[in-house]
Amino acid sequence: MNWLRRLIPSIGTFKSKRKVPDGLWSSCKKCESVLYAPELEKSLFVCPKCDYHLRIGARQRLEMFLDNSNFKEIAPDLTTKDPLKFKDSKYYTSRVKEAVASTGEKEAIIVVTGELDQIKVVVAAFEFRFMGGSMGSVVGEKFVQGINTAIENKIPFICFATSGGARMQESMISLMQMAKTSAAIQKLKKEKLPYISVLVDPIYGGVSASIAMLGDINIAEPNALSGFTGRRVIEQTVRLELPDNFQKSEYLLSNGAIDMIVHRKDLRTTISRILKKIYKTQ
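Quick caveat: nothing in here was measured; it's all calculated off a predicted structure. (Residues numbered from 1 in each chain as written. Predicted model: local features only at pLDDT ≥ 70, side-chain atom pairs only at ≥ 80, totals over all residues. Heavy atoms only, no water.)

Draft legend 1. Focus on the overall build of the chain. Of regular secondary structure, the chain possesses 10 helices and 10 strands. For a compact globule of 282 residues, the expected C-alpha radius of gyration is about 19 Å, and the chain comes in at 20 Å, within 12% of that figure. Across its three principal directions, the C-alpha atoms of the chain cover 65 × 50 × 45 Å. Looking at the 282 residues of the chain, the share that counts as buried comes to 46%. Residue pairs in contact within the chain that sit at least 24 positions apart in sequence constitute 65% of those at least 6 positions apart. Accessible surface for the chain amounts to roughly 14900 Å². Of this, 54% is attributable to carbon and sulfur atoms. Of note, the chain has its 42 positive side-chain charges centred 2 Å away from the centre of its 30 negative side-chain charges. (Helix = DSSP H or I, 4+ residues; strand = E, 2+ residues; numbered from the N terminus. Rg over C-alpha atoms; globule rule 2.2 N^0.38 Å. Buried < 20%, exposed > 50% of the residue type's maximum accessible area, 1.4 Å probe, protein only. Contact = heavy atoms within 4.5 Å. Areas by Shrake-Rupley, 256 points an atom, 1.4 Å probe, with all protein chains shown as cover. Lys, Arg positive; Asp, Glu negative; His and termini not counted. Charge placed at Lys NZ, Arg CZ, Asp CG, Glu CD.)

Listed below in structure tokens is the structure:
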């Protein structure tokens, strides 16, 4: 009956760790089910077997989130420089070129103007495939330009953050972006414009300590990992065994670090409802 299993999409759960062919089939990293790609797309890339939220690209997320996939990109031509002439096992410029080639994006963030349920918004989405969604000078500048656009047009700002943190190849220039973006968010709040932050698995380091946790409302997808540093580092430092769900969004919610957990299929309607309530009360 092996031929039948190959023909019928998403039949059963396959525990084999053989590589799944690209294109028509995909696999769930949690339950290892083999999933039919068109079905997975319909479910917004959430596993229909175990409800695991698969990682998706920044542009894909924007197309799913905004009305009619219609948006205009802010500062699309900003590109990364190499002021420190940094080199580890590879030159920084080589790593950037590889990231551009593999993702089709120029940097680890896309910032756009568009509409959510006919509400004009500015939305930023991190691209984790681009050097781990790390924040360098261009990421910080694009984010700030997005904030400025929101202020100029008096519209809300929404950010989907997924990142490994500050980009080490830019050293202090990268770390400075934490203060730069935090100051921009404060300017937005002074104008009484809402900033909604959505934490997407995974979110760590300098981005979690700035952009991600400064929302007027902080939302997370189910089981999204978020923290300043990794679990192992913390356990080795404090010499304690941490809870099994430590740093997952459910743990953060129970300890008051975030406001709500929202399933991917409900993000559009939930954020739209929040924004309508905010503007109704103003």
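Draft legend 2. Examining the nonpolar core more closely. The biggest cluster of nonpolar side chains holds 36 residues, and the ones touching the most others in it are Phe143, Phe157 and Cys159. Of all the secondary-structure elements, those providing two or more residues to this core are helix H4 (92–103), strand E4 (109–116), strand E5 (119–126), helix H5 (137–153), strand E6 (157–163), helix H6 (171–190) and strand E7 (195–204). Contact partners of Cys159, with chain neighbours within four places excluded, come to Ala124, Phe126, Phe143, Tyr195, Ile196, Ser197, Val198 and Ile211. Of all hydrophobic cores here, the second largest spans 24 residues; its members include Ala58, Ile119, Val200 and Ile217. (Core = buried A, V, L, I, M, F, W, Y, C linked by side-chain atoms within 4.5 Å.)

Draft legend 3. Representation of the pairing of E6 in the model. Counting buried residues along E6, 7 of its 7 residues qualify, which places the element largely inside the surrounding structure. In terms of handedness, the path from E5 via H5 over to E6 forms a crossover that is right-handed. Pairing between E6 and E7: 6 bridges, direction parallel. Across the sheet, residue Cys159 finds its bridge partner in E7, namely Ser197. For the segment spanning E6, H6 and E7, crossover handedness is right-handed. (Right-handed = clockwise from strand over helix to strand, strands pointing away. Pairing = 2+ DSSP bridges.)

Draft legend 4. Fine view of the packing of H5 against H6. One way to put it is that H5 packs onto H6 with a least axis distance of 9 Å and a crossing angle of 10°. Classified by the angle their axes make, H5 and H6 are roughly parallel. Touching Ser137, Gly140, Glu141, Phe143, Val144, Ile147, Asn148, Ala150 and Ile151 of H5 are Ile173, Gln177, Lys180, Thr181, Ala184, Ile185, Lys187 and Leu188, all from H6. Within the contact of H5 with H6, the residues separate by chemical class into 9 nonpolar, 5 polar and 3 charged. (Axes fitted to C-alpha atoms, helices over the stretch in contact; angles between N-to-C directions. Parallel < 35°, antiparallel > 145°, perpendicular 65-115°, else oblique. Nonpolar A, V, L, I, M, F, W, Y, C, P; charged D, E, K, R; others polar.)

Draft legend 5. Spatial organisation of the side chain of His53. With respect to the element layout, His53 can be found in the loop between helix H2 (37–42) and helix H3 (58–65). Looking at His53, its side chain comes within polar contact range of the main-chain oxygen of Asp51, at 3.1 Å. Among the polar contacts listed, one links the side chain of His53 to the backbone nitrogen of Arg264, at a separation of 3.2 Å. (Polar contact = N/O pair within 3.5 Å; in protein donor to acceptor, adjacent residues only side chain to side chain.)

Draft legend 6. Up close: the pattern of salt bridges. By the definition in use, this model includes 16 salt bridges. The closest approach of N and O atoms between Asp88 and Arg95, which form a salt bridge, is 2.6 Å. Residue class for Arg95 comes out partly exposed when judged on its relative accessible area of 23%. Of the charged contacts in the structure, one is a salt bridge between Lys189 and Asp216, with a shortest N-O distance of 3.9 Å. Of this pair, Lys189 sits in helix H6 while Asp216 sits in the loop between helix H7 (205–208) and strand E8 (217–220), placing them 27 residues apart in sequence. Here the residues in one salt-bridge network are Arg59, Glu73 and Glu105, joined through shared partners. (Salt bridge = Lys/Arg side-chain N within 4 Å of Asp/Glu carboxyl O.)

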